[in-house]
Every structure is written in structure tokens, then in C-alpha cells.
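The lines below spell out each chain.
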Amino acid sequence: MRNRFLPAVAILLLGLTPALAQQETAALAERYMKLPALQNMLDSILGPDFVNPMMAAMGGDALPQDKRDRLAKIVSEEISAVRPQMEKAMIQAAGQTYTVAELEALIKFNSTSEAVSIMGKLKSFNAAYFAGFGTTMQDMQSKIQRRVNSELSAK
């Protein structure tokens, strides 16, 4: 009698395995995104100190600094207003993209003092990157705009 139920139990367990794995992945993805290192990174990249150099590199350097500061503050405020939705999308994407082992590795690394330090240096990295690449980015954007306009106006 017991042997008749064994295949049914095995099928039930096999059917539950993907759902349980998906729950584990989702929980790990949420844990990963809630780590202080990741939250500090988001705080950093959503703030005006991060947005301002990007705006300058994308042609905003022609604006007076006080105007660029105000615009960067507006951009930062608007991005911060949608941060909960952004984080939810990031959690879902992490759960869909990474395996349990990869999420565990990300959590392990991003829980270290080195990761916290790295994430804390994003503003400095961004400023240095855009200072060195800003003119090239402006030139590239102008070139893209010319080519797109040319393509759109061609018959």
C-alpha cells in the first residue's frame, strides 16, 4: 500500500521544487538589494552630486553652475520619487537573472567592508570618469543627433 503513494509523493515534490527554488531566489534577490552597500550606492547615484557631473558631460556644462545644480536637484528628486518602484524592478530582475549561488556570492561580497568602501566611492569615480570622458560624450551625442536627423530626413 505504501509503494502506491511513493510515486505520487515524488511527483508532488518534483512539482514543488521549481516554486521553492523561485521563492528562494526571490528572497535572496530582495536580501541583496536591501544590503547597506547597495542602498548606499542607490543613495549616491540618485543624488544631485552624482547627477550634476553627468549633466555637465552631456552638454550641461554650458549652463551656469547654479542652474545646473538646480536642474540636478530636480532630476534627483524625480528619480528618488520612483525609487520604490525602481528597487522593486531591480529585485525582480535580480531574481530572474541570477542563480541562487550567484546571489549568495553577491550578498557575501557586498556585505564586506571593501564593498561598502567601493560603493561609497561612486561619486568620486563618476566625477573623475565624466571629467575625463565628458567632451567625448558631448561630441558623440552631437554625432548621433546629426546621423539620426539625417536618417530621419532621408527619403
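Residues numbered from 1 in each chain as written. Predicted model: local features only at pLDDT ≥ 70, side-chain atom pairs only at ≥ 80, totals over all residues. Heavy atoms only, no water.

Remarks on the nonpolar core
Thought 1: Of all hydrophobic cores here, the largest spans 17 residues; its most connected members are Y32, M33, L38, M41, L103 and M119.
Thought 2: Listing elements by their share of this core, those giving two or more residues are α1 (2-33), α2 (36-45), α5 (83-97) and α6 (100-110). (Core = buried A, V, L, I, M, F, W, Y, C linked by side-chain atoms within 4.5 Å. Buried < 20%, exposed > 50% of the residue type's maximum accessible area, 1.4 Å probe, protein only. Helix = DSSP H or I, 4+ residues; strand = E, 2+ residues; numbered from the N terminus.)

Some thoughts on the confidence of the model for the chain
Thought 1: Of the residues in the chain, 83% reach a pLDDT of 70 or more, and the chain-wide mean stands at 81.
Thought 2: When pLDDT is averaged over each element of the chain, α6 comes out on top at 94 and α1 at the bottom at 70. (pLDDT = per-residue confidence, 0-100.)

Quick notes on α5
Thought 1: When the terminal C-alpha atoms of α5 are compared, their 20 Å separation across 15 residues agrees well with the 21 Å that a helix rising 1.5 Å per residue should span.
Thought 2: Along α5, the positions that sit buried rather than exposed are R83, E87, I91 and A94. Projected onto a plane normal to the axis of α5, the buried residues spread over an arc of 80° and lie on a single side. Away from the buried face of α5 by more than 90 degrees, exposed residues Q85, K88, Q96 and T97 are located. (Expected span 1.5 Å × (residues − 1). Arc of directions from axis to C-beta.)

Quick look at the side chain of E87
Thought 1: With respect to the helices, strands and loops of the structure, E87 is situated in helix α5.
Thought 2: At 3.4 Å, the side chain of E87 and the side chain of K34 are in polar contact.
Thought 3: Those residues within four positions of E87 in sequence are excluded, and the remaining contacts are K34, Q39 and L42. (Polar contact = N/O pair within 3.5 Å; in protein donor to acceptor, adjacent residues only side chain to side chain. Contact = heavy atoms within 4.5 Å.)

What to know about the packing of helix α4 (residues 65-81) against α5
Thought 1: α5 packs onto α4 with a crossing angle of 55° between their chain directions and a minimal axis gap of 5 Å. Taken together, the axes of α4 and α5 are oblique relative to one another. Residues I79, S80 and A81 of α4 form the contact with α5, whose own contacting residues are R83, P84 and Q85.
Thought 2: Broken down by class, the residue content of the contact of α4 with α5 amounts to three nonpolar, two polar and one charged. (Axes fitted to C-alpha atoms, helices over the stretch in contact; angles between N-to-C directions. Parallel < 35°, antiparallel > 145°, perpendicular 65-115°, else oblique. Nonpolar A, V, L, I, M, F, W, Y, C, P; charged D, E, K, R; others polar.)

Concerning the pattern of salt bridges
Oppositely charged side chains may form a pair once their charged atoms are brought near each other.
Thought 1: Using the criterion set out here, one finds five salt bridges in the structure.
Thought 2: Linking E77 and K73 is a salt bridge whose minimum nitrogen-to-oxygen distance equals 2.8 Å. With a gap of four residues between them, E77 and K73 both fall in helix α4, about one helical turn apart.
Thought 3: The exposure class assigned to E77 is partly exposed, which follows from its relative accessible area of 42%.
Thought 4: By relative accessible area, K73 is classed as partly exposed at 47%.
Thought 5: R83 is the salt-bridge partner of E87, the closest N and O atoms lying 2.6 Å from each other. Placement of both E87 and R83 in helix α5 is noted, with a separation of four residues, approximately one turn of the helix. Considered together, E87 and R83 belong to a single accessibility category, that of buried residues. (Salt bridge = Lys/Arg side-chain N within 4 Å of Asp/Glu carboxyl O.)

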